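A structural walkthrough
Take a look at the letters that make up each chain.
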Amino acid sequence: MLFRLLGFVALLGAATTCAAQAPAAPFRAGVDYFVIEPAQPTNSGERIEVLEAFGYSCGGCASFQPSVDAWKARLAPDVAFSYVPAAWGGVWEQFARAFYAAESLGVLEKSHSEIFRKIHVERKPVRSAEDIAGLYSDYGVSQDDFLATMNSFAVNARIARVKQQLPRYGIESTPTLIVNGKYRVSLAKDGGSWDRMLATVDHLVAQERAAR
């Protein structure tokens, strides 16, 4: 009986090892990612560009942000990552204006992940542009200055540009990642996970790197 038990344990261990070493499923065009046609120009020079289309009001984006933060920390120097706020009107556009205002005022880096926390964890009430501007008071920006920047000529120009840009990428939901203007990555139609999304991006970045 002891030998049978030991044999079962050995088989179980072997099965577990095989499962751990099983190769990941291949990345599938039309499922894990989509080809953007025509490919869009990038703004990253010689570096491989990765963009994340997001919205502060998007619960999925809030859930995704910790994974993005960890992933960004290990990016290779030849990859340029940046965010693109989805300015789809209403509160989406107001939050997009807040993103560009924070960038203009030099508080984006320290506020970006925290804004998700304030909205989705602390449940700060957001019913107006004034409420949104008030979220940035912790970063040394007055509500009046933030509101003025949200409605500045520079931010208006950025909003107009992003409204033209998103349809060209075929972005219909957030979060969505764009790799080098050529590929669109979001949660796979048959399920998927944030880790799978980022692994798909890593695969496409490596593919772009190898093609150079």
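Let me sum up the structure you'll find in this document. (Residues numbered from 1 in each chain as written. Predicted model: local features only at pLDDT ≥ 70, side-chain atom pairs only at ≥ 80, totals over all residues. Heavy atoms only, no water.)

What follows is about the overall build of the chain. Counting its regular elements, the chain contains eight helices and five strands. Across the chain, helices and strands are ordered from the amino to the carboxyl terminus as α-β-β-α-β-α-α-α-α-α-β-β-α. Residues counted as buried form 41% of the 212 residues belonging to the chain. Considering only intrachain contacts with a sequence separation of at least 6, the fraction spanning at least 24 residues in the chain is 74%. Taken as a whole, the chain presents about 11500 Å² of accessible surface, with 57% of it coming from carbon and sulfur. (Helix = DSSP H or I, 4+ residues; strand = E, 2+ residues; numbered from the N terminus. Buried < 20%, exposed > 50% of the residue type's maximum accessible area, 1.4 Å probe, protein only. Contact = heavy atoms within 4.5 Å. Areas by Shrake-Rupley, 256 points an atom, 1.4 Å probe, with all protein chains shown as cover.)

Here we take up the pairing of strand S4 (residues 176–179). Side-chain alternation along S4 places Thr176 and Ile178 on one buried face and Leu177 and Val179 on a second face that is also buried. Across four bridges, strand S2 (residues 48–54) lies against S4 in antiparallel orientation. For glutamate 52, the partnering residue across the bridge sits in S4 and is leucine 177. Across three bridges, the pairing between S4 and strand S5 (residues 183–185) is antiparallel. Residue leucine 177 lies in a different strand from S5, and its bridge partner there is valine 185. With antiparallel pairing between neighbouring strands as the criterion, S4 and S5 make up a hairpin whose turn holds three residues, including asparagine 180 at a positive phi of roughly 55 degrees. (Pairing = 2+ DSSP bridges.)

Below, the discussion takes up helix H7 (residues 153–169). The end-to-end C-alpha distance of H7, which contains 17 residues, comes to 25 Å, matching closely the 24 Å that a straight helix rising 1.5 Å per residue would cover. Regarding H7, the residues found buried are Val155, Ile159, Val162, Gln165, Leu166 and Tyr169. On an axial view of H7, the arc spanned by its buried residues comes to 135 degrees, and they lie on one face. Every exposed residue of H7 that faces more than 90 degrees away from the buried side is listed here: Phe153, Pro167 and Arg168. For H7, the secondary structure elements touched by its buried residues are S2, strand S3 (79–85), helix H3 (90–104), helix H6 (143–150), S4 and S5. A positive backbone phi angle near 75 degrees is found at glycine 170, which sits one or two residues after H7. (Expected span 1.5 Å × (residues − 1). Arc of directions from axis to C-beta.)

Quick look at the pattern of salt bridges now. Scanning the entire structure with this criterion turns up twelve salt bridges. Among the ionic pairs, arginine 117 bridges to glutamate 122, the shortest N-O distance being 1.9 Å. Close ionic contact of lysine 182 with glutamate 208 constitutes a salt bridge, the shortest N to O distance being 3.1 Å. With a gap of 26 residues between them, lysine 182 in the loop between S4 and S5 and glutamate 208 in helix H8 (residues 194–211) connect regions that are remote in the sequence. Of the residues examined, lysine 182 reaches a relative accessible area of 32% and is grouped as partly exposed. (Salt bridge = Lys/Arg side-chain N within 4 Å of Asp/Glu carboxyl O.)

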